[in-house]
Amino acid sequence: MENIALYNKTFLDIFMLAEKDLVTLKYHDVPEWDSVGHMMLITAIEDAFDIMSDTQDIIDFSSWKKGKLILEKYDVVL
């Protein structure tokens, strides 16, 4: 599976969204993306890409787009 497909699947599995909704998705846009959902997402992304996010990146991970930029810091190419 390509990295972008894996990244998208992580969001889709956790937040039960349509893929068309991902590009504009931001923290708190859906009720499931609350603090608990955020940590579930971070954990799933870390597992999927075998990375360990630092605290500031976890805090800054505020949208689907921002997450793509953060993953670049960990050499994950989407």
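For the structure, check the block above.
A brief report on the enclosed structure follows. It should be emphasised that the depicted structure is a prediction, and the values quoted were computed from it without experimental measurement.

### What about the packing of helix 1 (residues 3–15) against helix 2 (residues 35–49)?
- Running from N to C, helix 1 and helix 2 cross one another at 150 degrees; their axes reach a closest spacing of 10 Å. Considered as vectors, helix 1 and helix 2 are oriented roughly antiparallel to each other. Where helix 1 crosses over helix 2, the handedness of that crossing is right-handed. Side by side, helix 1 and helix 2 meet where Asn3, Leu6, Tyr7, Thr10, Phe11, Ile14 and Phe15 of the first sit next to Gly37, Met40, Leu41, Ala44, Ile45, Ala48 and Phe49 of the second.
- Classifying every residue of the contact of helix 1 with helix 2 gives 11 nonpolar, three polar and no charged.

### Thoughts on the packing of helix 1 against helix 4 (residues 64–72)
- In the contact formed by helix 1 and helix 4, the axes pass within 12 Å of each other and the chain directions differ by 135 degrees. By the angle between their axes, helix 1 is oblique relative to helix 4. Both helix 1 and helix 4 take part in a crossing whose hand is right-handed. Only Trp64, Gly67, Lys68 and Leu71 of helix 4 make contact with helix 1, whose side of the interface consists of Ile4, Tyr7, Asn8 and Phe11.
- In the contact of helix 1 with helix 4, the residues fall into five nonpolar, two polar and one charged.

### Some remarks on the pattern of salt bridges
- All told, the structure shown has three salt bridges when counted by the stated rule.
- As a salt-bridge pair, Lys9 and Asp13 come within 2.6 Å of each other at their nearest N and O atoms. Residue Lys9 and its partner Asp13 are both found in helix 1; the two are separated by four residues, about one turn of the helix.
- Lys9 sits in the partly exposed class, given a relative accessible area of 37%.
- A residue is classified by how much of its surface remains accessible, and Asp13, at 43% relative accessible area, is partly exposed.
- A salt bridge links Lys73 to Asp57, with the shortest nitrogen-to-oxygen separation between them at 2.7 Å. One end of the pair, Lys73, is in the segment after helix 4; the other, Asp57, is in helix 3 (residues 55–60), with 16 residues separating them in the sequence.
- A relative accessible area of 3% places Asp57 in the buried class.

### Looking at the nonpolar core
- By size, the foremost hydrophobic cluster in this structure holds 22 residues, and its most contacted members are Phe11, Phe15, Leu25 and Phe61.
- Elements that contribute at least two residues to this core include exactly helix 1, helix 2 and helix 4.
- If you tally residues by element for this core, the top one is helix 1, at five residues.
- Each residue touching Phe15, except ones within four places of it in the same chain, is listed here: Leu25, Val30, Glu32, Trp33, Gly37 and Leu41.

Rules behind the numbers
- Residues numbered from 1 in each chain as written.
- Predicted model: local features only at pLDDT ≥ 70, side-chain atom pairs only at ≥ 80, totals over all residues.
- Heavy atoms only, no water.
- Axes fitted to C-alpha atoms, helices over the stretch in contact; angles between N-to-C directions.
- Helix = DSSP H or I, 4+ residues; strand = E, 2+ residues; numbered from the N terminus.
- Parallel < 35°, antiparallel > 145°, perpendicular 65-115°, else oblique.
- Left-handed = near helix turned anticlockwise from the far one by under 90°.
- Contact = heavy atoms within 4.5 Å.
- Nonpolar A, V, L, I, M, F, W, Y, C, P; charged D, E, K, R; others polar.
- Salt bridge = Lys/Arg side-chain N within 4 Å of Asp/Glu carboxyl O.
- Buried < 20%, exposed > 50% of the residue type's maximum accessible area, 1.4 Å probe, protein only.
- Core = buried A, V, L, I, M, F, W, Y, C linked by side-chain atoms within 4.5 Å.

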